[in-house]
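Here are the chains, one letter per residue:
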Amino acid sequence: MELRTLIVGNWKSNPRTEKEAVALYSELSKEVPKHKSIETIYAVPFVFLPILKKKFPKTLFVAQDVSAFDGGAHTGEIAATQLASAGAVSVIIGHSETRASGVTNTDTREKIQRAIKAGLSPILCVGETVRDEGHEYLRFVANQITEALLGMPKAKLASLTIAYEPVWAIGKDAARVATPEESLEMSIFIRRTLADMFDKKSAESVRIIYGGSVDEKNGISFLKHGGVSGLLPGRLSLSPKKFAALIRSIIGTL
Ligand code: PGA
């Protein structure tokens, strides 16, 4: 079975109120065309999960982080089982913005294991902060993957998505936009790292997507030439018309 193209709109810490969240999703659902070959899901702030799930039961919503603990005395943490019961089907783990506040590779491993146990599909974000000429960044990304997936049963890999998000290409202050060639190089490298760690067949079962300043124009070139089967747009997912234009551009090539 061919994989559907996965588009994960990452709202980050937006919008400001529940009312605005419902209005934003209503607008997105009006604008964004549906297609059987495209799976469009939205990573929203924790607190908006229940209301969005209730109002839009057919849409798949994703959490943006999960606790490394299984509940208990961990103030402020939200456990995987709690996310699942709030309506999340999947969870972003190790986004660079959460790594910046101290999440380590070991934490990402715990988080992935908790997510899988609770029935959530993990979306593991990896990516270097800078590209050095000595290619140290490849080792950096390989470490992020091998430390996060240590001890992972091969059979669970099919539920995993790896998002390659070069940190230098994320957000409005991005140094520049990555090229599809850079995404292709990294997707091959990620696949090889997985094959070395598990085996070729298991490595093929992991979905790889790209994120970092994806817009309505460049998105399609990452899908066509970047070696990925999905995208993780941040800012774009807050602009229903532009986000819809990206989805239409993908449908146009199917
Ligand atoms: P951006 O964010 O599309 O706004 O660069 C992507 C991300 O951080 O997931």
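Here the structure is shown first, and the text comes after it.
Below is a short write-up of the structure. (Residues numbered from 1 in each chain as written. Predicted model: local features only at pLDDT ≥ 70, side-chain atom pairs only at ≥ 80, totals over all residues. Heavy atoms only, no water.)

This next bit is on the overall build of the chain. If you tally the helices and strands in the chain, you get ten helices and eight strands. In summary, the chain has a C-alpha radius of gyration of 17 Å against a globular reference of 18 Å for 254 residues, a match within 12%. Seen along its three principal axes, the alpha-carbon backbone of the chain occupies a region of about 50 × 50 × 40 Å. Counting the 254 residues in the chain, one finds 50% classified as buried. Partitioning the contacts of the chain with sequence separation of at least 6, the portion at a separation of at least 24 is 72%. (Helix = DSSP H or I, 4+ residues; strand = E, 2+ residues; numbered from the N terminus. Rg over C-alpha atoms; globule rule 2.2 N^0.38 Å. Buried < 20%, exposed > 50% of the residue type's maximum accessible area, 1.4 Å probe, protein only. Contact = heavy atoms within 4.5 Å.)

Close contacts around the ligand come from N10, K12, H95, E165, I170, G171, G212, S213, L232, P233, G234 and R235, and that covers them all. Between the ligand and K12 there is a distance of 2.7 Å, counted from an oxygen atom to a side-chain nitrogen or oxygen. Between the ligand and the protein, one listed contact pairs an oxygen atom with a side-chain N or O atom of R235 at 2.7 Å. For the ligand, whose accessible area on its own is 280 Å², the fraction buried by protein is 99%. Partitioning the shell around the ligand into residue classes produces three nonpolar, six polar and three charged. (Near = heavy atom within 4 Å. Polar contact = N/O pair within 3.5 Å; in protein donor to acceptor, adjacent residues only side chain to side chain. Areas by Shrake-Rupley, 256 points an atom, 1.4 Å probe, with all protein chains shown as cover. Nonpolar A, V, L, I, M, F, W, Y, C, P; charged D, E, K, R; others polar.)

All right, on to the pattern of salt bridges then. Under the definition given, this model contains twelve salt bridges. A salt bridge links K30 to E27; the shortest N-O distance between them is 3.7 Å. In this pair, K30 and E27 both sit in helix α1 (residues 18-31), three residues apart, roughly one turn of the helix. Using a relative accessible area of 65% as the deciding quantity, one classes K30 as exposed. With a shortest N-O distance of 2.6 Å, R176 and E182 are connected by a salt bridge. Relative accessible area serves as the criterion here: at 14%, E182 is assigned to the buried category. A single salt-bridge network, built from bridges that share partners, covers R4, E39 and R207. (Salt bridge = Lys/Arg side-chain N within 4 Å of Asp/Glu carboxyl O.)

Below, the discussion takes up the pairing of strand β7 (residues 207-210). Side-chain alternation along β7 places R207 and I209 on one buried face and I208 and Y210 on a second face that is also buried. In this sheet, β7 lies alongside strand β6 (residues 161-164) in parallel orientation, the contact comprising four bridges. Pairing of I162 across the sheet is with I208, part of β7. (Pairing = 2+ DSSP bridges.)

This part is about the packing of aromatic side chains. Counted under the stated rule, the structure contains seven aromatic pairs. Ring geometry for Y210 against F222: centres 4.1 Å apart, planes inclined by 10°, an arrangement best described as stacked. Of this pair, Y210 sits in strand β7 while F222 is found in helix α9 (residues 219-225), placing the two residues twelve residues apart along the sequence. A relative accessible area of 1% places F222 in the buried class. (Phe/Tyr/Trp six-rings, centres within 6.5 Å; stacked < 30°, edge-to-face > 60°.)

Here the focus is the environment of K55. As for its placement among the helices and strands, K55 is situated in helix α2 (residues 49-55). With relative accessibility at 49%, the residue K55 sits in the partly exposed group. It is 9.4 Å that separates the C-alpha atoms of K55 and S26, two residues lying 29 residues apart in sequence.

Once that is clear, we can look at the nonpolar core. Ranked by size, the top nonpolar core spans 66 residues in total, and within it W11, Y42, L52, L149, I190, L194 and Y210 carry the most contacts. For this core, the element with the most residues is helix α6 (residues 136-149), which contributes seven residues. Those residues in contact with L52 that sit more than four places away from it in its chain are W11, A21, V22, Y25, V44 and F61. Ranked by size, the runner-up nonpolar core spans eleven residues in total, among them I123, C125, A163 and L232. (Core = buried A, V, L, I, M, F, W, Y, C linked by side-chain atoms within 4.5 Å.)

Two elements in contact, α1 and helix α10 (residues 240-251), have axes separated by 9 Å at closest approach and are oriented at 35°. As for how α1 packs across α10, the hand of that crossing is right-handed. On the side of α1, the interface is formed by L24, E27, L28 and E31, while α10 contributes P240, K241, F243, A244 and R248. Grouping the constituent residues of the contact of α1 with α10 by class yields five nonpolar, no polar and four charged. (Axes fitted to C-alpha atoms, helices over the stretch in contact; angles between N-to-C directions. Left-handed = near helix turned anticlockwise from the far one by under 90°.)

Relative to each other, helix α5 (residues 105-117) and α6 sit at 45°, their axes nearing to 7 Å. As judged from the angle between their axes, α5 and α6 are oblique. The crossing of α5 and α6 is right-handed. Contacts between α5 and α6 involve N105, T108, R109 and I112 from the first element and N143, Q144, E147, A148 and L149 from the second. (Parallel < 35°, antiparallel > 145°, perpendicular 65-115°, else oblique.)

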